[in-house]
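Architecture at a glance
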Amino acid sequence: MFPLYDSITVRPGRAEDAESVRAIRNDAIEHTTSIWTTVKQTPEEAAAWWGELLGRRAAFVADAAGEVLGYASWSQWRPKEGYRFTVENSVYVLPGHRGKGIGGRLMRALIAAARESGAHVMLADIEAENSASIALHAGLGFETAGTLREVGTKFGRRLDLTIMRLGLTP
C-alpha cells in the first residue's frame, strides 16, 4: 500500500463534504454508466441530497488528510411503505484511487450503519458490465438476484442492470 492509503479515515459524512461528494458524483455522471443520468448535480441539489442522507446517518466518506477520495450512502430502495426495510447502496471513488480498497472500507461502514438503522436487506443496482463493482459487492457477501436486460440507456447504448442482495439481519 501507499502511505496515502494507510492514512485514510472512513468517517460519517459532514455538511462540508457536500461539494467534494458532488464532484465525485458529477464525474461518475459525466464519464461512467454507474449513474444513469447525464444531468450533473448543482451545488444546491447536492447540499439538499447530502443533507437528507446526513440526517439519517446514511453517508460516509473516505478522508485522506482532509481530501474526500470517495463516498458511500444508502437510501430507501422504493418509496412505498412496504419496502421500508429494504435499502440500496451507492459507492463511488475518485478516478485514480479506485482498486485500492477504499470502496470496501466505505461499504463495510455503510453496511454496519444500515444494520443499526433496522434495515433488513441492502440491494445494489449495478450496470451489468461494471465488473469491479460486482466483484466488490460479491466480496462483501452480496449475491446476484438477477439481471434486467436493456432497462436503461446512456451514451447512446442500452444498459443491463444487475441487482445484488445482502441480508442484514439473521
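Rules and cut-offs
- Residues numbered from 1 in each chain as written.
- Predicted model: local features only at pLDDT ≥ 70, side-chain atom pairs only at ≥ 80, totals over all residues.
- Heavy atoms only, no water.
- Phe/Tyr/Trp six-rings, centres within 6.5 Å; stacked < 30°, edge-to-face > 60°.
- Helix = DSSP H or I, 4+ residues; strand = E, 2+ residues; numbered from the N terminus.
- Buried < 20%, exposed > 50% of the residue type's maximum accessible area, 1.4 Å probe, protein only.
- Pairing = 2+ DSSP bridges.
- Expected span 1.5 Å × (residues − 1).
- Arc of directions from axis to C-beta.
- Contact = heavy atoms within 4.5 Å.
- Core = buried A, V, L, I, M, F, W, Y, C linked by side-chain atoms within 4.5 Å.
- Axes fitted to C-alpha atoms, helices over the stretch in contact; angles between N-to-C directions.

Things to note about the packing of aromatic side chains
- Counted according to the given criterion, the structure contains five aromatic pairs.
- A ring pair is formed by Trp49 and Tyr71, whose centres lie 5.9 Å apart and whose planes are at 85 degrees; its orientation type is edge-to-face. Placement of the pair is Trp49 in helix α3 (residues 43-55) and Tyr71 in strand β3 (residues 67-76), with a sequence separation of 22 residues.
- For Tyr71, a relative accessible area of 0% corresponds to the buried category.
- Aromatic rings pair up to connect Trp49, Trp50, Tyr71 and Tyr92 into one cluster.

A short note on the pairing of β3
- For β3, the tally of buried residues reaches seven of 10 residues, placing the bulk of the element in the interior.
- Judged from the six bridges that link them, strand β2 (residues 59-64) and β3 form a sheet pairing that is antiparallel. Following the sheet pairing, Asp63 is matched in β3 by Val68.
- Here β2 hands over to β3 after two residues, with Ala65 in that stretch at a positive phi of 55 degrees.

Details of α3
- Under the 1.5 Å per step criterion, the end-to-end length of α3 is 18 Å for 13 residues, consistent within 8% with the ideal 18 Å.
- Of all the positions in α3, only Ala46, Trp50 and Leu53 are classed as buried. Looking straight down α3, one finds its buried side chains confined to an arc of 55 degrees; they lie on one side. Opposite the buried face of α3, at more than 90 degrees from it, the exposed residues are Glu44, Ala48 and Gly55.
- Where α3 is buried, its residues contact α2 (18-31), β2 and β3.
- Downstream of α3 by one or two residues, Arg57 has phi in the positive range, about 55 degrees.

Looking at the nonpolar core
- In this structure, Met122 and Phe142 are the most contacted members of the largest nonpolar core, which totals 41 residues.
- Every element with two or more residues in this core is listed here: α2, α3, β2, β3, β4 (86-93), α4 (102-117), β5 (121-127) and β7 (157-167).
- If you tally residues by element for this core, the top one is α4, at seven residues.
- Excluding residues that lie within four positions of it along the chain, Phe142 makes contacts with Asn89, Met107, Ile111, Met122, Leu123, Ala124, His137, Met164, Arg165 and Leu166.

Concerning the sheet that holds β7
- The sheet built from seven strands is open, its strands ordered β1-β2-β3-β4-β5-β7-β6 with mixed pairing. This sheet does not close on itself; its edge strands, each paired only once, are β1 (9-12) and β6 (143-154). The mean angle between the axes of side-by-side strands here comes to 25 degrees, regardless of whether they run parallel or antiparallel.
- Sitting on the sheet, α2 is in contact with β2, β3, β4 and β6, with an inclination near 80 degrees to β3.
- Sitting on the sheet, α4 is in contact with β1, β2, β3, β4, β5 and β7, with an inclination near 155 degrees to β4.

As far as function goes, none of this settles anything; it's purely spatial.
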